[in-house]
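Residue-level structural notes
If you want the building blocks of each chain, they are given just below.
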Amino acid sequence: MLSDQRYWNPVLETLPHGKIRDLQFSKFKRIFRWAYDHSKFHRSLYQKAGIAPDDVRSFQDIHLIPTVEKSMMRDIQRKDPFPYGDALCVPLEDVVEFRQTSGTTGQPVYQPDTWVDWEWWSECWSFILWAQGYRPADRVFIPFGYNIFVAFWAGHYAAEKIGCEVVPGGVLDTKARILKIQELRSTAMMATPTYVLGMADTAKNKMGIDPSTLTIRKITCAGEPGASIPSTKRRMEEAWNAKVYDHAGATEIGAWSFECQAQPGGLHVNEALFLVEIVDVETGAPIHEPGRQGKMVITALDRQAQPCIRFDSKDVIEWSPEPCPCGRTFRLIKGGVIGRADDITKVKGVLLSPSAIEEVVRGIEGLSDEYEVEVDRVGDVDDILLKVELMPGGQGDRHRIEAELKDQLRLKTNLGYRLEFYDYGTLPRYEVKAKRFKDRRKGH
Amino acid sequence: MRDPMERRLNLDGINAKIHLLKETAEELRLLADIFPAVLRNTDRILASVKMLEINVSDVLDLEKPGP
């Protein structure tokens, strides 16, 4: 039966690595030539670097091609062909979809897609959802404010393509969404980790509904790294009595990675559709071996309207040394996206990743899911303030929690913190992506 | 050498039909240049054909001898 098939694409997902590389190289040459021939922005970039399509003769030659950064895309946009500017590779009338980045790191970047690109988006997501066990019998609830952000749009269309029944939870508020899940007995859901936990909190503490008694049995997360942070994943899985799977993607890249049902502690890179390179954060030198962190440079091998070629994503990742028991030959990145090169910052001379703090906070019983981190400079010394919330009735347990929190933070991040404890429900709540890390030091 | 799964799937047969589908849709598109309903629906078919190429033809065509 179709539903028994383990892979969305049994050919591509089990290709020997050498063959994947051949496929990637062939497709890279094709998309590079396409961008060179159709985008003034890309041609000018490559001409300045003295490289043309015929110069790409081996895999190693790819490393000679200049990378593209988000700031470069910002600079060329809002000009003709309006509003996309010179990276647009197709006539404006072929663009059928507009999306934009969230603008978390600056002015948003516009993303045009043709109908082929839009089909490609849902194809990328079909690999994800099939690997996570979505099948035609599923009723998928999508509690997402369908809007200018790409978020779960492609998840919606991929679920349709797979044959699931899709319930768009668009403008409903959180309580109405929970009631609709209950009413329709939805079996799967897609949301950011922040919202998955927020929904569970609302159901339990404001509606008297235990979310684990609902029928959601798998949840696909995106937008934040939480589903790859063990303590956050565990909180979500326990709250909903569901398997929680991570996926990483981006508006200007596509849906490039996914966790499979084996939950191997990492994400598969969809190497049939994307070429992922890991480079040293300082030197830019390629990192091929597992176990060494670097930032991701990525190429979407089939995206046409506004190509994504050697895009410097700033995501920090590392190759896993182990193959996945699921049998896919697409390589794993260990622990998902570990952080962003521009988020992993030096505090008191130590590299600090916000997700390491999340792992500690969410691993301590008696603390709520919410927290905030503020880094400031007092005189010549960095100061880290961590605000956490006690669960209702947790005051009596505060000394135990504080001691455990201090110990774990010291152990996992090598840093000391000032701690502030707040009553349950007083720290800000977020519906989509949370903004919990604030660096107030000059120049940050 | 193809593995057993690839042999069982008759990939060459699938690939041949994908090429035929594309050729047919492209011919249909030429016939429908002033017929919006046919033209735009054919464009959607061609977008789906592109996904078939991504899933099957791109990797199979690697094995074909170059020009």
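Shown above is the structure to which this text applies.
Summarised in this report is the structure supplied together with it.

Rules used throughout
- Residues numbered from 1 in each chain as written.
- Chains lettered and ligands numbered in written order.
- Predicted model: local features only at pLDDT ≥ 70, side-chain atom pairs only at ≥ 80, totals over all residues.
- Heavy atoms only, no water.
- Helix = DSSP H or I, 4+ residues; strand = E, 2+ residues; numbered from the N terminus.
- Buried < 20%, exposed > 50% of the residue type's maximum accessible area, 1.4 Å probe, protein only.
- Contact = heavy atoms within 4.5 Å.
- Areas by Shrake-Rupley, 256 points an atom, 1.4 Å probe, with all protein chains shown as cover.
- Pairing = 2+ DSSP bridges.
- Axes fitted to C-alpha atoms, helices over the stretch in contact; angles between N-to-C directions.
- Buried area = accessible area lost by both parts, 1.4 Å probe.
- Salt bridge = Lys/Arg side-chain N within 4 Å of Asp/Glu carboxyl O.
- Polar contact = N/O pair within 3.5 Å; in protein donor to acceptor, adjacent residues only side chain to side chain.
- Nonpolar A, V, L, I, M, F, W, Y, C, P; charged D, E, K, R; others polar.
- Phe/Tyr/Trp six-rings, centres within 6.5 Å; stacked < 30°, edge-to-face > 60°.
- Lys NZ or Arg CZ within 6 Å of the ring centre and 35° of its normal.

This part covers the overall build of chain B. What chain B contains, in helices and strands, is three helices and zero strands. Helices (α) and strands (β) of chain B occur, in sequence order from the N terminus, as α-α-α. By the burial criterion, 34% of the 67 residues in chain B qualify as buried. Across chain B, every contact between residues at least 6 apart in sequence was considered, and the portion connecting residues at least 24 apart equals 58%. If you sum the accessible surface of chain B, you get close to 4,600 Å²; carbon and sulfur atoms cover 63% of it.

Attention now moves to the sheet that holds strand 6 (residues 218-221) of chain A. Residues and elements named next belong to chain A. On the basis of which strands lie adjacent, the open sheet formed by eight strands has the order 4-3-5-6-7-8-9-14 and mixed pairing. The open sheet has two free edges, formed respectively by strand 4 (165-168) and strand 14 (332-334), since each of these has just one partner strand. Pairs of neighbouring strands in the sheet enclose a mean axial angle of 30 degrees, with direction left out of account. By the bridge criterion, four bridges tie strand 3 (residues 139-142) to strand 4 in an arrangement that is parallel. Looking across to strand 4, one finds that Phe141 is bridged to Val167. Sheet strands in contact with helix 8 (residues 230-240) are strand 5 (188-191), strand 6 and strand 7 (243-250), and its direction is about 130 degrees off that of strand 7.

Attention now moves to the pairing of strand 20 (residues 418-422) of chain A. Residue and element names in this part refer to chain A. Alternating residues of strand 20 divide into Leu419 and Phe421, all buried, and Arg418, Glu420 and Tyr422, none buried. Where strand 19 (residues 381-390) meets strand 20, five bridges bridge the pair, whose relative direction is parallel. When the sheet's bridge partners are listed, Glu389 is paired in strand 20 with Tyr422.

With that out of the way, let us pick up helix 8 of chain A. Given 3.6 residues per helical turn, the α-helix brings residues three or four places apart onto the same face. Residue and element names in this part refer to chain A. Extensive coverage of helix 8 is indicated by the burial of eight of its 11 residues. Among the residues making up helix 8, those that are buried are Ser231, Thr232, Lys233, Arg235, Met236, Glu237, Ala239 and Trp240. Where the residues of helix 8 are buried, they touch strand 5, helix 7 (193-206), strand 6, strand 7, helix 9 (354-361) and strand 18 (367-378). Phi turns positive, to about 50 degrees, at Asn241, one or two residues after helix 8.

Moving on to the interface of chain A and chain B. Contacts between the two partners involve 23 residues from chain A, matched on the other side by 17 residues from chain B. Across the chain A to chain B interface the summed buried area is about 1,700 Å²; carbon plus sulfur atoms make up 64%. The three residues of chain A that bury the most area against chain B are Val11, Lys19 and Trp115 of chain A, which together make up 29% of that side's buried surface. At the boundary of chain A and chain B, one finds two salt bridges. A salt bridge links Arg30 of chain A to Asp58 of chain B, with the nearest nitrogen and oxygen atoms 3.1 Å apart. On inspection of chain A and its partner chain B, the count reaches three residue pairs in polar contact (both at pLDDT 80 or more). Those elements that provide at least two residues to the side of chain A that touches chain B are helix 1 (17-38) and helix 4 (115-131) of chain A. Looking at the side of chain A that touches chain B residue by residue, the classes come out as 12 nonpolar, three polar and eight charged.

So, on to the environment of Asp58 of chain B. Structurally, Asp58 of chain B can be placed in helix 3 (residues 36-60). Those residues in contact with Asp58 of chain B that lie beyond four places of it in its chain are Leu23, Lys27, Arg30 and Asp302 of chain A together with Glu53 of chain B. Separated by 3.1 Å, the side chains of Asp58 of chain B and Arg30 of chain A make a polar contact.

With that settled, the discussion passes to the sheet that holds strand 10 (residues 274-279) of chain A. Pairing within the open sheet is antiparallel, and its five strands lie in the order 11-10-12-13-15 (chain A). In this open sheet, the two edge strands, each paired with only one partner strand, are strand 11 (286-287) and strand 15 (339-340) of chain A.

Looking at the element boundaries, Arg234 of chain A is found in helix 8. Along the chain, Arg234 of chain A and Val378 of chain A lie 144 residues apart, while their C-alpha atoms are 36 Å from each other.

By convention here, two paired aromatic rings are described through the distance between centres and the angle between planes. Residue and element names in this part refer to chain A. Scanning the model with the defined rule gives 14 aromatic pairs over all chains in all. On the basis of an interplanar angle of 70 degrees and a centroid distance of 6.1 Å, the ring pair of Trp125 and Phe152 is categorised as edge-to-face. Taken together, the residues span a long stretch of sequence, with Trp125 in helix 4 and Phe152 in the loop between strand 3 and helix 5 (153-162) at a distance of 27 residues. When its relative accessible area of 1% is taken as the criterion, Trp125 is described as buried. Members of the aromatic cluster, connected to one another through ring pairs, are Trp118, Trp125, Phe144, Tyr146, Phe152, Trp153 and Tyr157. The positively charged end of Arg331 is found above the aromatic ring belonging to Trp319, 3.7 Å away from the centroid. A cation over a ring is seen here: Arg429 above Tyr424, with NZ or CZ 5.4 Å from the ring centre.

Our next topic: unusual backbone geometry. Residue and element names in this part refer to chain A. Pro81 follows Asp80 through a cis peptide bond whose omega is -10 degrees. Tracing the sequence through the fold places Pro81 in the loop between helix 3 (70-76) and strand 1 (95-100). Of note, Asn414 is a non-glycine position whose phi angle comes to about 65 degrees, a positive value.

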